[in-house]
Amino acid sequence: MASLSLKHIEKIYENGYHAVHDFNLEVEDKEFIIFVGPSGCGKSTTLRMIAGLEDISEGEFLIDGVKMNDVEPKDRDIAMVFQSYALYPHMTVRDNMGFALKLRKVPQAEIDAKVDEVAKILDLEKFLDRKPKALSGGQRQRVAMGRAIVRQPKVFLMDEPLSNLDAKLRVQMRTEIAKLHERLGTTIIYVTHDQTEAMTLGTRIVVMKDGLVQQINSPEHLYNKPCNLFVAGFIGSPQMNFLDAVVEKKGNDTFLDIAGFPIKLPADKAEALKGYEGKTVIAGIRPEHLLDGRGKEKDFVTIKAPIEVRELLGAEAYLYFTLGGKQCTARVASDVDLYVGMEGTMALDLNKLQLFDKETEQSLLWKEW
Amino acid sequence: MTQNEKAAAAKKRSHAIMIIVLVLLFILFIIPFILVVINVFKTKGDILSNPMALIGAHGFTLQNFPEAMAKMNFFNVFKNSLIITILSTILTILVSAMASFVIVRNGKWKFCSGIFALMVASMVIPFQVLMVPLVSVYGGIFGVLNHRITLILMHTGFSVSMATFMFHGAIHTNIPLELEEAALIDGCSRWQTFWKVVFPLLKPTIATVTIIDAMAFWNDYLLPSLVLTDKSLYTIPIATQAFYGTYSTDIGLVMAALLLAMLPILILYLFLQKYIVAGVTSGAVKG
């Protein structure tokens, strides 16, 4: 197992396209790091630079303090699980899993023992003599994992390994990967565009956009304290509601005018809005922080809007309504009796309210943290 | 008749026409083969008197085989054909598979795309155009005619463009880059990646190229007749010339020689047949 260090990494392609800008990250031993972001944000490129499949244009990449920029992929002691699994179609599962050891001239008996051991962990014993085409998607995925595990590398790299699986299997494999990380205690770098995978698996998440790192922190931190509008919108599902709000000062109190509803801010939030009086900021509130406000008018600030759509998901329901011209979502318990056409009263949990500068899109609460 | 019945009848009719055309074509192609097979077991007189009879008036005979084999020095010419065909085919496959791998994976490099374009362009030049300069250059200037290796290299040179074109398609569409990357991470060098991962996956294309080229090399008459004038180096097609006299042709011996010439390539075809369709279509259709 190993620690990784990425210092001022840049990736500029021959055609001048700048894919990754000044990427800095220190990965500690046994960490589960997630690179997350929309398509084209540079997360896979960064992973491929770590693997040695792409050249690093500028910066330094070190594994256990040793510079790896120009070291061949085979000499970096890493294993990678690809999105398409990349299993060798002409080899059996056993040969696929033992291929890397065979190349390293490990004695056949030792290879067999290791393959058998990993096959047992991944429940692949029955399929060892099959070719990949005779396996289901989930089994292929497990073989790809097995191929990586057998080598006992310093670092595991996973490039969207679950994206080809159906929803049910994806949840199952997600749990399996979490268990494996626990069991093997390996350093893992995992790329995904699925924020649920990011939230459930990662010890730390690197949020990227347009080749730039937006924020690096634990899932809880990113969820509760996003540094900018992008992170706030990307992390969490359904995504955070964003509303234009005008800052007003009345005496010692600071109010936010959201779609005609004056909302008095608590002191800490008011402090963050100093100098914004009369200006418009973006208020962000997660769907689960919009509660059914009926009868709570005394304790909470409430807003009213007609319910346009109600989606029942089983244990909970999503209520959609429009506020200040923007579509908003509230996540409530499924037994809340608010239906389409009814006037919804929503209570805002002001402690959870996020505030962003409309121009820079940076969090105005960021300096507090 | 309802519209549905009309459509069904039309469908049936077109199906029947298609079957008839196929059967006619099959008969057209199989007749020469059948003629060889039925006449090879007859005496020369029987063949001339009734070439269509299944068994001649003098009955079933195997006499044509030993006679033909002796006259054409069969074992020697068979050996020559075998050496030339096998080595030319192997060389063609190795050179073109490796070339196409480099061309596909360095497609952005203009040198590679230029070489590939030249190769494709060379496929449209008929052999007859090159025939005379080829012999005059290799015979007159270099003096390397009458060597098996000369013919082998010429065969390879002429067939490598088509083979590279086929391998190019197969690698481009059927071998994902991720497989090679997985191999690189697993510990392969570029060279190992090609031999351990890419080459085994080209099996259908290898089979197709083997059949197409081995057949062409085995049956080739023109090029060997220009390059090999020494009788001891003759291949089977040139050796069959021995049966065609100025005034008469011993047709029974010709048939025996043809059958002997046909058999190895027929066996090879039957052996590799299951790969042919896969090989021809691979690269044509994106999977």
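Attention in this report is confined to the structure presented alongside it.

1. Focus on the sheet that holds strand β10 (residues 212-217) of chain A
Residue and element names in this part refer to chain A.
- Strands sit in the order β6-β7-β8-β3-β9-β10 across an open sheet of six strands; the sheet is mixed. Of all strands in the sheet, those bounded by a partner on one side alone are β6 (78-81) and β10. Strand-to-strand twist across the sheet, computed as the mean angle between neighbouring axes with direction ignored, equals 15°.
- Bridging between β6 and strand β7 (residues 155-159) involves four bridges; their strand directions are parallel.

2. Concerning the sheet that holds strand β20 (residues 343-348) of chain A
Residue and element names in this part refer to chain A.
- The strand order across the open sheet built from three strands is β15-β20-β16, with neighbouring strands paired in antiparallel fashion. The sheet is open, and its two edges are formed by β15 (290-292) and β16 (301-306), each paired on a single side. Across the sheet, the mean angle separating the axes of adjacent strands is 40° when strand polarity is ignored.
- By the bridge criterion, six bridges tie β16 to β20 in an arrangement that is antiparallel. Following the sheet pairing, Lys 304 is matched in β20 by Thr 345.

3. Observations concerning the interface of chain A and chain B
- On the chain B side, the residues contacting the 17 residues of chain A number 13 residues.
- At the level of secondary structure, the elements contributing two or more residues to the side of chain A that touches chain B comprise β6 and α2 (93-103) of chain A.
- Here the residues of the side of chain A that touches chain B sort into 13 nonpolar, two polar and two charged.

4. Re the environment of Met 91 of chain A
Residue and element names in this part refer to chain A.
- For Met 91, the location among the structural elements is in the loop between β6 and α2.
- C-beta crowding within 10 Å serves as the criterion here: with 17 such atoms nearby, Met 91 is assigned to the partly exposed category.
- Put simply, Met 91 and Pro 132 are 41 residues apart on the chain and 7.7 Å apart in space, counted from C-alpha to C-alpha.
- Residue contacts for Met 91: discarding those within four places in its chain leaves Asn 96 and Phe 99.

Parameters and conventions
Residues numbered from 1 in each chain as written. Chains lettered and ligands numbered in written order. Predicted model: local features only at pLDDT ≥ 70, side-chain atom pairs only at ≥ 80, totals over all residues. Pairing = 2+ DSSP bridges. Helix = DSSP H or I, 4+ residues; strand = E, 2+ residues; numbered from the N terminus. Axes fitted to C-alpha atoms, helices over the stretch in contact; angles between N-to-C directions. Contact = placed C-beta atoms within 7 Å. Nonpolar A, V, L, I, M, F, W, Y, C, P; charged D, E, K, R; others polar. Buried ≥ 20, exposed ≤ 12 C-beta atoms within 10 Å, placed from the backbone.

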